[in-house]
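Geometric and topological summary
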Amino acid sequence: MSTLDLPGLEVRLEALGLGPIPQFSHAHVLNNPLDIGRSYLADILGKFVGCDPIIAYNSIKSHKDIFNGDLAVPLPKLFRGSDWNSFRDVIKRFPSCPLFCRPFLDGVLLQIYFTRNTLPRLLLPYINDRNDLYGKDPSIGLRNAFSSGLGRKKLVIEFSSPNIVSELESKHVRSTILGACIANLYENMGWDVVRINYLGDWGMQMGLLGVGWEKFGSEEEFHADPVRHMFSIYSKIDKVFQSEVVAKKVASEDGLEPHYSFETQGLFAERNTFFKRIQDGDEEVLALWKRFRDVAIEHYSKLYARLNISFDEYSGESQVSLESMGEVEEMLKSKGISEESNGSWIVDLQKHRVKGGGIVTIRSRNQKRTYLLRDLAAVLDRSRRYSFDRMIYVVADDHYEHFRRLFYILELLNMHDVAHKLEHVRFNKGRQMGHENTSGDIFDQCLNSMHESLVANPDKAALLHDSEYPVADLGISALVAQELSVKRGTDYHFDFLKMALFEGATGPNLQYWYSRLCSMLKATSFDLSIFSDEDFTCVEEEFELLRVLALYPSITSSAYQFLDPSIVLHYLVQITGQLSFCIENNKSLEEPIATPARAALFESTRQVLENGMKLLGIMPSHG
């Protein structure tokens, strides 16, 4: 009988000598096998200690790895201030249960291990029944956890968001990979997710690109390679422009001319004039702007496809409605939040008791609507369009102040409900890949490093070649895994050689072990739903691997809670480490699999690896 529903699960547990599962509202026993253990343990603790079983349940923790036990109970939390030292004297009388070995004290922690006899008999059918659903908990994303009738909660997530006048920077690459994974984490928990790419496709940079086109543009070169020519034009005109910026800054500091006079001279004036033509709807320059935007989106879409990433919406600064921007400006004025200063409209956040907020511009002296105003209006547009329950911006930490000010101004506008739904997911952008590198060059370097690694590892190369997994995709796996291998706030070096190694927290290492499992399973033809008791006995030797597999739903829950994909990646490395240990210590495992339970063990391992890799955005070699 299937364990996918409560009656079927309890039939399985009854066969293991366990009674009905004790009921706890926070226990997701159909999605997380550790919650089954928590439920039985809380019931035992409640009776043995004489405390409220709910307090007991909430006291039980799981470990992130298997080295300290499967479950743990901090005794001070269980006893809530009462003297728990007497517990040392009675622990020997702790009631027996088929699920658990006798617990032991480790400082203030009561440590509990599952039994070798029971865990495989519960866990293997549990994973086999769920397959790609193992590690998911769709109830988390329901508006009402007890009823699906009210629908799912909605996440809007903005990530990648490159500037269309230049190639992807390393921070945009990291935002793309992190954002895609965070979106997957929410979908994994049942949320309805809208992925938005908010392009830098407006503002004075577009005016400067237009001037560059007039000076350096070539229809022939644009036709041959539109994106490269567009980036080349912007690079040339920006170099000239920056020399003017420096010269005028020196003149201003020397008192030779006021800083605001810059806007009426040289490239400053040409840039401003060109952008005003765009704003005024000049058909000729609007058509040119649209050509630039269209080729940039086509270019980025191809890059994203190589990363197996797609977006539901390509938005941008240009797409924010004039009506919403006008509405925000009017609200700021009517509530006395904004004020005029030297021809600009500003918000002095310190006047509104925002510590360290400073002064921010809403509309500049030349009537240009600022990036901050557009972001405020975009929040209004998206809130009305999507009625989101949460909106996340996956943007490097160099934008921290911008988002802090954005959220504060929404609070000042009494838009508390909306402001509290917003979150800036910050990350360290890492060491730059080098401004001379385009995204295509980065992918090519990943590919070259992967080729070199395969040449240095012919046995692994042969196995992956048999899987017909393209080397280019291995290179992408390497890139994605490197970006997700460190916590978001951690500084790190972008290392093309290290990412291609077949060891540790790398994409090639995960792909190798996944392919090896597939190779081992290829010759089996067992019915994985039928086991004998003798079958299970043989897999007790791989007990540590089973314990790791039982952690997976808790791992995905933790990664979702902390928005930290590195938790999943390093968990998958635990699996490969246990696989390596099992095979090195039992060479018979490399022979054809002899029993259904052993086939189920390695099929479950393969399934968990596949689920975790897909969650990270790494496509398995046989996936």
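Coordinates for the structure precede this section.
Fair warning: this is a prediction, and the values are worked out from it, not measured in the lab.

Thresholds, definitions, all that
Residues numbered from 1 in each chain as written. Predicted model: local features only at pLDDT ≥ 70, side-chain atom pairs only at ≥ 80, totals over all residues. Heavy atoms only, no water. Phe/Tyr/Trp six-rings, centres within 6.5 Å; stacked < 30°, edge-to-face > 60°. Helix = DSSP H or I, 4+ residues; strand = E, 2+ residues; numbered from the N terminus. Buried < 20%, exposed > 50% of the residue type's maximum accessible area, 1.4 Å probe, protein only. Pairing = 2+ DSSP bridges. Contact = heavy atoms within 4.5 Å. Axes fitted to C-alpha atoms, helices over the stretch in contact; angles between N-to-C directions. Lys, Arg positive; Asp, Glu negative; His and termini not counted. Salt bridge = Lys/Arg side-chain N within 4 Å of Asp/Glu carboxyl O. Polar contact = N/O pair within 3.5 Å; in protein donor to acceptor, adjacent residues only side chain to side chain. Expected span 1.5 Å × (residues − 1).

What follows deals with the packing of aromatic side chains. Across all of its chains, the model carries 23 aromatic pairs by this definition. On the numbers, 4.8 Å between centres and 55 degrees between planes, the contact of Phe 241 with Phe 268 is tilted. Within this pair, whereas Phe 241 is found in helix H10 (residues 226–253), its partner Phe 268 is found in helix H11 (residues 266–279), the two being separated by 27 residues in sequence. In terms of burial, Phe 241 and Phe 268 fall into one category: buried. Measuring from ring centre to ring centre gives 6.4 Å for Tyr 393 and Phe 407, while their planes differ by 40 degrees; the resulting arrangement is tilted.

Our focus in this paragraph is the sheet that holds strand S2 (residues 71–74). Sheet strands pair by backbone hydrogen bonding; their relative direction is either parallel or antiparallel. Pairing within the open sheet is antiparallel, and its four strands lie in the order S1-S2-S4-S3. Either end of the sheet is taken by a strand with one partner, and the two such strands are strand S1 (61–62) and strand S3 (104–106). The strands touched by helix H2 (residues 33–50) within the sheet are S1, S2 and strand S4 (109–112), with S2 carrying the most contacts at an inclination of about 40 degrees.

So, about the side chain of Arg 488. On the secondary structure map, Arg 488 appears in the loop between helix H19 (471–484) and helix H20 (496–499). Buried within the structure, Arg 488 lacks any salt-bridge partner; Glu 423 is the closest side chain of opposite charge, at an N-O distance of 5.6 Å. Of the polar contacts made by the side chain of Arg 488, one reaches the backbone oxygen of Arg 426; its length is 2.7 Å. A distance of 3.4 Å separates a polar side-chain atom of Arg 488 from the backbone oxygen of Phe 562. Setting aside residues up to four positions removed in sequence, Arg 488 forms contacts with Arg 174, Leu 178, Val 425, Arg 426, Phe 427, Asn 428, Phe 562 and Leu 563.

All right, on to the pattern of salt bridges then. Inspection of the entire model under this criterion finds 34 salt bridges. With a shortest N-O distance of 3.3 Å, Asp 282 and Arg 277 are connected by a salt bridge. Asp 282 gets classed as partly exposed once you look at its relative accessible area, which sits at 26%. Accessibility expressed as a relative area gives 25% for Arg 277, which makes it partly exposed. A salt bridge links Glu 610 to Lys 614; the shortest N-O distance between them is 3.4 Å. One end of the pair, Glu 610, and the other, Lys 614, are both in helix H26 (residues 596–616), four residues apart, so they sit about a helical turn from each other. A relative accessible area of 11% means that Glu 610 is categorised as buried. Look at the salt bridges and you will find they share partners, linking Asp 70, Arg 116, Glu 544 and Arg 547 into a network.

Once that is clear, we can look at H19. For H19, spanning 14 residues, the distance from its first C-alpha to its last is 20 Å, which sits close to the expected 20 Å at 1.5 Å a residue. Of all 14 residues that make up H19, eleven are buried, and the element is covered over most of its length. Considered for burial, the residues of H19 that qualify are Leu 474, Gly 475, Ile 476, Ser 477, Ala 478, Leu 479, Val 480, Ala 481, Gln 482, Glu 483 and Leu 484.

Tracing the backbone shows Glu 503 in the loop between H20 and helix H21 (507–521). Glu 503 gets classed as exposed once you look at its relative accessible area, which sits at 53%. As a C-alpha pair, Glu 503 and Thr 576 span 73 residues in sequence and 9.5 Å in three-dimensional space.

In this section: unusual backbone geometry. Backbone geometry places Asn 342, a non-glycine residue, at a positive phi of 55 degrees. With respect to the secondary-structure elements, Asn 342 resides in the loop between strand S10 (339–341) and strand S11 (344–348). At Ser 387, a residue that is not glycine, the phi angle is positive and equals roughly 45 degrees. Inspection of the secondary structure puts Ser 387 in the loop between helix H14 (371–386) and strand S13 (390–394).

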